[in-house]
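Residues per chain are reported as follows:
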Amino acid sequence: MKVTVAARLTPYGLRCEHRRTPLGVGEPRPLLSWRLTSARTGDDPVAYELRVGIRPSGGIDDPEAGESSNGEIPEAGDSANGQVPGTGDSANGDAGDWSSGRVEDPAAIGAVYGGPPLLPRTRYAWRVTVWAQDGTAGSAESWFETGQDLWQASWIAHDPDAVEHVDPPTEGDQALSHHGLLPCPQLRTGFASTGVRSARLYISAKGLYEARVNGHRAGDAELAPGWTDYRRRIQYQVHDVTPFLLDGENVLAVTLADGWWSGFVGFDPRRPGYHYGRFPELIAELHLTFEDGSTRVVATGENWRTGHGRIRYGDLLKGECHDARAETPGWDLPGFDDSSWRPAVVTGDDHSLLVASRDEPVRALGELLPVSSTPVRPGVHLVDFGQNIAGRVRLTVRNREPGLRVTVRHGERLDGDDRLHTANLRTADATDVLITAGGAEEVFEPRFTYHGFRYAEVSGLDRLDDIRAVVLHSDTPQAGTFECSDPEINRLYENIVWGQRGNFVSVPTDCPQRDERLGWLADAQVFLPTACFNADVSGFFSKWMRDVVDAQSPEGGFSNVAPLLSGVADEGAPGWADAGTLIPWHLYRTYGDERFLDVDAMTRWVDFVARHNPDLIWRHWTGPHFADWLSPGPATPREVLATAFFHRSTALTAEAARVRGRHGEAERLGALAARIREAFAAEFVGDGGLVEGDTQTGYLLALAFGLLTPEQGRDAAARLAALVEESGPLTGFLGVNLLCPVLSAHGRDDLAHALLRRTDPPSWLYQVRHGATTVWERWDGVGAASMNSFNHYAFGSIGEWLYSGVAGIDQAPGSVAYRELVIRPLPGELSSARASYESARGLISVSWRSDDRGFRLQAHIPPGATATVHLPGGDMSRVTSGDHIFELVRGENE
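Within each chain, residues carry numbers counting from 1 in the order of the written sequence. For this predicted model, a pLDDT threshold of at least 70 governs which residues receive local features, and a threshold of 80 or more governs which side-chain atom pairs are given and counted, while totals over whole chains, interfaces and linings are taken from all residues. The side-chain quantities take in all heavy atoms of the structure and omit both hydrogens and water.

Peer 1: Even after reading the chapter, I still don't get the overall build of the protein chain, so can you show me in this structure?
Peer 2: Secondary structure is summarised from DSSP: a helix means a run of H or I of at least four residues, a strand means a run of E of at least two, and numbering begins at the N terminus for each. On a plain count of helices and strands, the protein chain comes out with 14 helices and 45 strands. A globule of 894 residues ought to have a C-alpha radius of gyration of about 29 Å, and the protein chain, at 28 Å, matches this closely. Considered along the principal axes of its C-alpha atoms, the protein chain spans approximately 85 × 70 × 60 Å. Only protein chains enter the accessibility calculation, which uses a 1.4 Å probe; a residue is then buried when its area is under 20% of its type maximum, exposed when over 50%, and partly exposed in between. Taking all 894 residues of the protein chain together, 61% fall into the buried category. Here, residues are in contact when the closest pair of their heavy atoms is within 4.5 Å. Once local pairs closer than 6 in sequence are excluded, the contacts in the protein chain between residues at least 24 apart make up 75%. Radius of gyration here uses only the C-alpha atoms, and the compact-globule reference equals 2.2 Å multiplied by the residue count raised to the power 0.38.

Peer 1: Would you mind going over the pairing of strand 11 (residues 185–193) with me for this structure?
Peer 2: The two faces of a sheet get side chains in turn, since along a regular strand they alternate between them. Strand 11 sits mainly inside the fold: seven of its nine residues count as buried. Pairing between strands is defined by DSSP: at least two bridges between them are needed. The sheet contact formed by strand 11 and strand 19 (residues 305–308) spans four bridges and is antiparallel. Residue pairing for strand 19: Q186 is matched across the bridge by G307. Where strand 11 and strand 16 (residues 248–257) come together, eight bridges link them in antiparallel fashion. When the sheet's bridge partners are listed, A192 is paired in strand 16 with E249.

Peer 1: Help me understand the pattern of salt bridges in this model?
Peer 2: Between side chains of opposite charge, a pair can form as their charged atoms come close. Salt bridges are counted wherever a side-chain nitrogen of Lys or Arg sits within 4 Å of a carboxyl oxygen of Asp or Glu. The tally for this structure, following the rule as stated, stands at 65 salt bridges. D466 is paired through a salt bridge with R468; the nearest N and O atoms lie 3.3 Å apart. A relative accessible area of 25% means that D466 is categorised as partly exposed. Among the salt bridges present, the one from R719 reaches D694, with a minimum N-O distance of 2.6 Å. Placement of the pair is R719 in helix 10 (residues 710–727) and D694 in the loop between helix 8 (663–684) and helix 9 (696–704), with a sequence separation of 25 residues. Judged by relative accessible area, R719 falls into the partly exposed class, the value being 30%. In the salt-bridge network here, residues are joined through shared partners; they are R217, E222, E367, R392, R394, E445, D466 and R468.

Peer 1: Can you help me understand empty space enclosed by the protein in this one?
Peer 2: With a probe scaled to a water molecule rolled over the atoms, the places where space remains empty come into view. Lining residues are defined by having an atom within 4 Å of a point belonging to a cavity or pocket. Those points lie on a 1 Å grid over the protein atoms alone, cavities being sets where a 1.4 Å probe fits but cannot get out and pockets being open sets with protein on both sides within 12 Å along at least five of seven lines. Grid points are joined across faces, edges and corners, and a volume is the space filled by probe spheres set on the points. For the structure on display, the rule yields seven cavities of 30 Å³ or more. Volume-wise, the largest cavity comes out at about 90 Å³. L182, P183, P185, F279 and P280 are, among the 14 residues lining the largest cavity, the residues nearest its centre. Throughout, the ten residues Ala, Val, Leu, Ile, Met, Phe, Trp, Tyr, Cys and Pro are labelled nonpolar, Asp, Glu, Lys and Arg are labelled charged, and all others, Gly among them, are labelled polar. Grouping the constituent residues of the lining of the largest cavity by class yields ten nonpolar, two polar and two charged.

Peer 1: Teacher, can you tell me more about the side chain of Q387 here?
Peer 2: Position of Q387 among the secondary structure elements: in strand 27 (residues 380–400). Q387 sits in the buried class, given a relative accessible area of 6%. Discounting chain neighbours no more than four positions away, the residues touching Q387 are L368, F453, R454, R491, W498, T773 and T774.

Peer 1: Any chance you could explain the sheet that holds strand 16 here in plain terms?
Peer 2: Strand pairing in a sheet relies on backbone hydrogen bonds, with the paired strands running either antiparallel or parallel. Spatially, the six strands line up as an open sheet ordered 14-13-16-11-19-22, and their pairing is antiparallel. A single partner strand is all that each edge strand has here, and the edge strands are strand 14 (216–217) and strand 22 (342–343). Pairing of strand 13 (residues 208–213) with strand 16, which is carried by six bridges, proceeds in the antiparallel orientation. Note on strand 16: the bridge partner recorded for Y209 is L256.

Peer 1: Mind showing me how you'd approach the sheet that holds strand 45 (residues 882–889) here?
Peer 2: Taken in spatial order, the five strands line up as 35-40-41-42-45 in an open sheet, and their pairing is antiparallel. If you trace the sheet from one side to the other, it starts and ends with strand 35 (480–484) and strand 45, each paired once. Sheet twist, expressed as the average angle between the axes of neighbouring strands with direction ignored, equals 5 degrees. Pairing between strand 42 (residues 854–861) and strand 45: eight bridges, direction antiparallel. From the neighbouring strand, H860 faces strand 45, where its bridge partner is D883. What counts as an axis is a line fitted to C-alpha atoms, over the stretch in contact for a helix, and the angles between N-to-C directions run from 0 to 180 degrees.

Peer 1: What exactly am I supposed to notice about the side chain of H870 here?
Peer 2: Relative to the assigned elements, H870 resides in strand 43 (residues 866–870). Discounting residues that sit within four places of it in the chain, H870 has contacts with V822, I823, R824, P825, D875 and M876.

Peer 1: So what exactly am I meant to see when it comes to helix 8 here?
Peer 2: Helical periodicity: at 3.6 residues per turn, an α-helix aligns residues three or four positions apart in one direction. Multiplying 1.5 Å by the residue count of a helix minus one yields the expected span of that helix. Helix length check: helix 8 (22 residues) gives 31 Å between terminal C-alpha atoms against 32 Å at 1.5 Å per residue, within 8%. Within helix 8, burial applies to A666, L669, L672, A673, I676, A679, F680 and F684. Along the axis of helix 8, the buried residues cluster in a sector spanning 145 degrees; they form a single face. Across helix 8 from its buried face, at more than 90 degrees, point the exposed residues H663, G664, E667, E678 and A682. The arc refers to the directions leading from the helix axis to the C-beta atoms.

Peer 1: I would appreciate a short explanation of the nonpolar core in the present structure.
Peer 2: Among the buried residues, those of types Ala, Val, Leu, Ile, Met, Phe, Trp, Tyr and Cys that are joined through side-chain atoms within 4.5 Å form a nonpolar core. Counting 175 residues, the largest nonpolar core has F482, F541, W544 and W764 as its most contacted members. Leave out the neighbours within four places in its chain, and F482 touches I489, N490, Y493, L802, Y803, V806, A807, R834 and A835.

Peer 1: Would you take a moment to explain the packing of aromatic side chains for this structure?
Peer 2: To describe a pair of aromatic rings, one takes the distance between the centres and the angle between the planes. Ring pairs are drawn from Phe, Tyr and Trp, using the six-membered ring of Trp, whenever the two centres fall within 6.5 Å, and their geometry is named by plane angle: stacked under 30 degrees, edge-to-face over 60, tilted for the rest. Counted according to the given criterion, the structure contains 41 aromatic pairs. Seen in terms of ring centroids, W227 and W260 are 5.7 Å apart; in terms of plane orientation they differ by 5 degrees. Their pairing is stacked. With W227 in the loop between strand 14 and strand 15 (234–240) and W260 in helix 1 (residues 259–262), the pair connects residues that are 33 residues apart, well separated along the chain. An aromatic cluster is present here, built from F482, Y493, F533, Y803, Y818 and Y837 joined pairwise through their rings. Sitting over the face of the ring of F264, K318 holds its NZ or CZ atom 4.8 Å from the ring centroid. Sitting over the ring of Y450, R517 keeps its end group 4.7 Å from the ring centre. Counted as over-ring charges are cases with an Arg CZ or a Lys NZ within 6 Å of the ring centre that also lie within 35 degrees of the ring normal.

It is worth stressing that arrangement in space is one thing and function is another; only the former is reported here.
Structure representation (structure tokens):
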């Protein structure tokens, strides 16, 4: 990640609704935000101005202003008036032009658009100007496009009752049908056009889609439109397809697949279509604007034709089968004869659930070459890509006979030296099949499935010509880096990052390999602080928190997974459902966007628990109780754990209400939180700060959630340290993220470091020393194969402490969007560490070195922020923005 520091105060990293130059913004009053940079010390902002105006949109080759694609800060312009090109000087709102005027706000890193209503399907340019204390100003500009308002298109599908009559499988080709899955339908329509100035494709599916215009792929989204509870909300995407239009005949063509809508989903997949729908459906509108200003819409309807091609089935869990003999060459181009195809079936005209995407899609974001490829049996090769990922394999087959069956199976580990370990996949076959057509070169790459794997077993070939792994995950831009003097800790950090990539696939899943892949709320809430350091997940969680609220029951109970689907334990587990309050609060503190705080939803949850537990001890839960999941030590009493989270949710909801200006609600909930705290102390806290159950997680929750008096806290921290020294980490999912931060907060960073560097199980480095390339579900990787994932991120929540503890980048209590920093590195036995973090305010970086001569720290603080710097030995300094160096010579403070 390369970031250039500008010479003077300059905005950069412009975002609209947490996305860079988004197409299809659905928010009527979008948030426009920016970061700040300056090489000058103390060069802090005092005011800003926003200008927004309509800008004619052309093709995708229009320059994207505001930030170059490599993430570097743009050149600062000389203009300081904030005028958007083409909008003139008007600030009265005419013709869509709007200016905020100069706003005196030294803390601002964003503002909500406040102009006249935004027009649909319109590009807006915007510029932010920021003034420094010395009166100089810097500007940057960007753009966004608004989304669709009134749809004309119908939902269409291939006639599901006609499937068995289309392209019957060749005798003996059982792979052409799989557990009731149907072939992936191809849908197309032709239209004529001339002189197109711009073209936008607004498209969604119940299922998955891949769209093409005249043979060119529309966009680069994978597994679109992403997973939501389709009964509540269906996202659509917008693609700029202007360069693909021809003068004359054109074709819009789409392939559909089952995806989460009608395929196998979850750990009890039952049958295709059990959870949402029976077969995939499409809706699309291609809006054409011509050079003369006229417009035309090409929409899905009964005039579309449908057929089948090479993809005989595509399923997220089972895999994908391509029969290249059934290819339909030119079906996505003009001139194709579709007279033998069937008319599309119109399935409905309800547009009420369609919403614009709030997040960046899943994309193919990397490729891995094999580190080894070994023939293990005749016609069978075992390929090691060296890294556990979520993705797919791309295989090139050259000069083979027609009808050759090539099978690709996937696994995270090996059984012995030559066989895949697949027992932990359960009913996820994770198997892709190619049946060759014959020819000089055939490239096989699935399009509607993904797998969690490090190894691939390829059978049916006597040699492998070309194979690689394609990495898929939601496009969450890198935000942080970390490195230290211990190579094993660096590998642990890489494992954490790879685990996040592999499990942030449309929703934050628990694992990418087996028949589960669900958006478990507890996993997400304990890992979120680490996730925010690693990547910009603001848009990703903006979308997913809508899924969480969609899944909330009418009575107020948050679910345990989101999106919600049938057959899953769906309500109320302590620490799981509490993610509905914990996650919004952390997102608000990290990104400074108050809209993350859905106080109504948060309050409904707190009141729901209170109604069922009038004595304020959470004894009655309406759903399951997963306790401190996968704790290897003594069980934390369930009432202790539940009541601690009840207090935490209530206290944070009170704070959220205060931030949103709902002071009466804040006062009521604050008083409720105080009563829960009193009830917890009376019920569970004994002499000497003893917390009932005497477990590490019990003490961690009581200390981290503020449930003890200062005296009780000192005693409880001492008891926690004794338990940790005696047995190592014995926490499960709900305690592990607190372990090192709480020890450090109570003066035991030595013990936190000892845990970090521990190599006996349970420990993080035990996994590293046993070849892990992602974080495991279980501390030691031992357990029933059916419940043993080797890519689970919950225990990777130690990543937060690598940034905030080891490197020393933290935020002061009460600070929002890193306006007040705490730089407090904890060296332990390490000799060096460095970390950087692209915060919502700007770049933060820390680098330190400790040796026989002393301790040296370098820190960069972004404009508008201040920092309290703590050096080993107790020295403390307050600094403003800019670059700072601190040195301690050995002997001066000893």
